[in-house]
Amino acid sequence: MLDGQQRITSIGRFVTGKFSVIDENGYMQNFNSLTPENRTKILDSNLLVYHCKGTESEIKEWFKTINIAGVPLNEQELLNAIYSGQFVTLAREVFSNSQNSNIQKWSFYIKGAANRQDYLSTALSWVAAAKGQTKEEYMSAHRHDDKIDELKTYFSTVIDWVSGVFFDVEKEMQGLEWGRLYEKYGKQPYDSAKVSESVRRLYGDAYIKRRSGIFEYVLGGEVDTKLLEVRVFDEPTKKSVYHRQTETAKAAGTSNCPLCAVGHDANKAKIWELKEMDADHVTAWSKGGTTSADNCQMLCKTHNQSKGNK
Ligand SMILES: [Zn+2]
């Protein structure tokens, strides 16, 4: 069944007396209490049902053309349809149910809406990735399972880990790859008081452009500054430092790249053009160096790259 499976099932259940409906006069009616004419009307109605058989990729294509109430199916809704079965049904009861009291806590770490399957999608991605599988491989392998313990347990483990390590909740935590971070850092001990102190200090640092990188930066021992996109020197600062350095270098007969100047190769006395150089923090930002002119030096591109993003 491609679409409308629930509707057709409901008709069948009503006709076999499984539930009642409220009629136009406000009375509960099950199928047997309807008037004979109405019963006949229902039983004599023809339903047009297509039963399609195809490969998984064909089925996927069919679904892409189906809209539910005018809204195209998103990736996870598509997967739920393709791998529909007991496993998806049970998983949806937990992860797609906005009445689930856990959703509020989960929403600190996960972006999206339960009813658009964002929580389910995240939970599946995490457990699948931990097993070296894609979400589709995982759903396919578990399609006929009658329990979802592994999915539920892994998800809770990740969430408990994040909320245990990071005391404060920041809005940038939402939607991070917590599953990947758990796999990478989950076995390491952290002092959550120290972690909290670091996060607060970094949140107060005006040079950090990418706050969502703070969490992985702290987990990794505050080494990989690339995660933070630390603010770079602006053009006027670069120009003025360049001119200062170049004048001094010309007078001394050395290269205007301080690292070339102390070297032993042909570039020892080379005067680089501004566009051949990059700005570097003399004292690394991670060691407290600021992004201001008095902490800026221009290096030739080669030396700047070899010094790395520190
Ligand atoms: Zn150089």
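Within any chain, residue numbers begin from 1 and follow the written order of that chain's sequence. Restriction of local features to residues with pLDDT of at least 70 applies here, the model being predicted, together with a cutoff of 80 or more for giving and counting side-chain atom pairs; totals for whole chains, interfaces and linings are based on all residues.

Once that is clear, we can look at helix H13 (residues 235–252). Helical segments are the DSSP runs of H or I of at least four residues, strand segments are the runs of E of at least two, and each set is numbered from the N terminus. To estimate the expected span of a helix, subtract one from its residue number and multiply by 1.5 Å. The end-to-end C-alpha separation of H13 is 26 Å, in line with the 26 Å expected for 18 residues at 1.5 Å each. Turning to H13, its buried residues are Val241, Tyr242, Gln245 and Ala249. What you see down the axis of H13 is that its buried residues fit within an arc of 110°, all on one side. Among the exposed residues of H13, those oriented more than 90 degrees off its buried face are Pro236, Ser240, Glu247, Lys250 and Ala251. By the criterion used throughout, residues are in contact when their C-beta atoms, derived from the backbone, lie within 7 Å. Contacts from the buried residues of H13 go to helix H14 (258–261), strand E5 (277–281) and strand E6 (296–300). Following H13 by one or two positions, glycine 253 has its phi on the positive side, about 70°. Labels follow a simple rule on C-beta atoms placed from the backbone: if 20 or more others lie within 10 Å of a residue's own, it is buried; if 12 or fewer, it is exposed; otherwise it is partly exposed. Arc definition: directions from the helix axis to the C-beta atoms.

A few words now on the environment of leucine 299. Tracing the backbone shows leucine 299 in strand E6. Taking the C-alpha atoms as reference points, leucine 299 and aspartate 278, 21 residues apart in sequence, are found 5.5 Å from one another. In this structure, leucine 299 is in contact with Cys257, Leu259, Met277, Asp278, Asp280, Asn304 and Lys307, ignoring residues within four places of it in sequence.

What follows is about the nonpolar core. As used throughout, a nonpolar core is a set of buried Ala, Val, Leu, Ile, Met, Phe, Trp, Tyr and Cys residues joined through C-beta atoms within 7 Å of each other. Counting 37 residues, the largest nonpolar core has Ala91, Ala123, Leu124, Val127, Leu151, Phe155 and Val158 as its most contacted members. For leucine 151, the residues in contact, after removing those within four places along its chain, are Ala91, Ala123, Leu124 and Val127. Formed by 12 residues, the second largest nonpolar core is a distinct cluster that contains Tyr242, Met277, Cys296 and Cys300.

Next up on the list: the domain arrangement of the protein chain. The split of the chain into domains comes from an automatic or database domain assignment. Each assigned domain of the protein chain is listed with its residue range as follows: domain 1 (5–44), domain 2 (56–162) and domain 3 (235–307). Summarising the inter-unit geometry, the C-alpha centres of domain 2 and domain 3 are found 52 Å apart.

With respect to burial, E5 is a largely interior element, four of its five residues being buried. Summarising the sheet, E5 and E6 pair through five bridges and their orientation is antiparallel. Paired with aspartate 278 across the bridge in E6 is leucine 299. Each pair of strands is called paired provided DSSP finds at least two bridges between the two strands.

Where helices are involved, their axes are fitted lines through C-alpha atoms of the stretch in contact, as for all axes, and angles between N-to-C directions lie from 0 to 180°. Look at helix H9 (residues 149–165) against helix H10 (residues 178–185): their axes get within 10 Å of each other, and the N-to-C directions meet at 75°. The orientation of H9 with respect to H10, classified from their angle, is roughly perpendicular. Here Val158, Trp161 and Val162 of H9 lie close against H10, whose contacting residues are Trp178, Gly179 and Tyr182. Under this grouping Gly is polar, as are all residues other than the nonpolar Ala, Val, Leu, Ile, Met, Phe, Trp, Tyr, Cys and Pro and the charged Asp, Glu, Lys and Arg. Within the contact of H9 with H10, the residues separate by chemical class into five nonpolar, one polar and no charged. To sort the angles, those under 35 degrees are grouped as roughly parallel, those over 145 as roughly antiparallel, those from 65 to 115 as roughly perpendicular, and the leftovers as oblique.

The contact between helix H7 (residues 118–130) and H9 brings their axes to 9 Å, and the two run at 95°. One way to sum up the angle between H7 and H9 is to call them roughly perpendicular. Only Glu150, Leu151, Tyr154, Phe155 and Val158 of H9 make contact with H7, whose side of the interface consists of Ala123, Leu124, Trp126, Val127 and Ala130. Along the lines of polarity and charge, the residues of the contact of H7 with H9 split into nine nonpolar, no polar and one charged.

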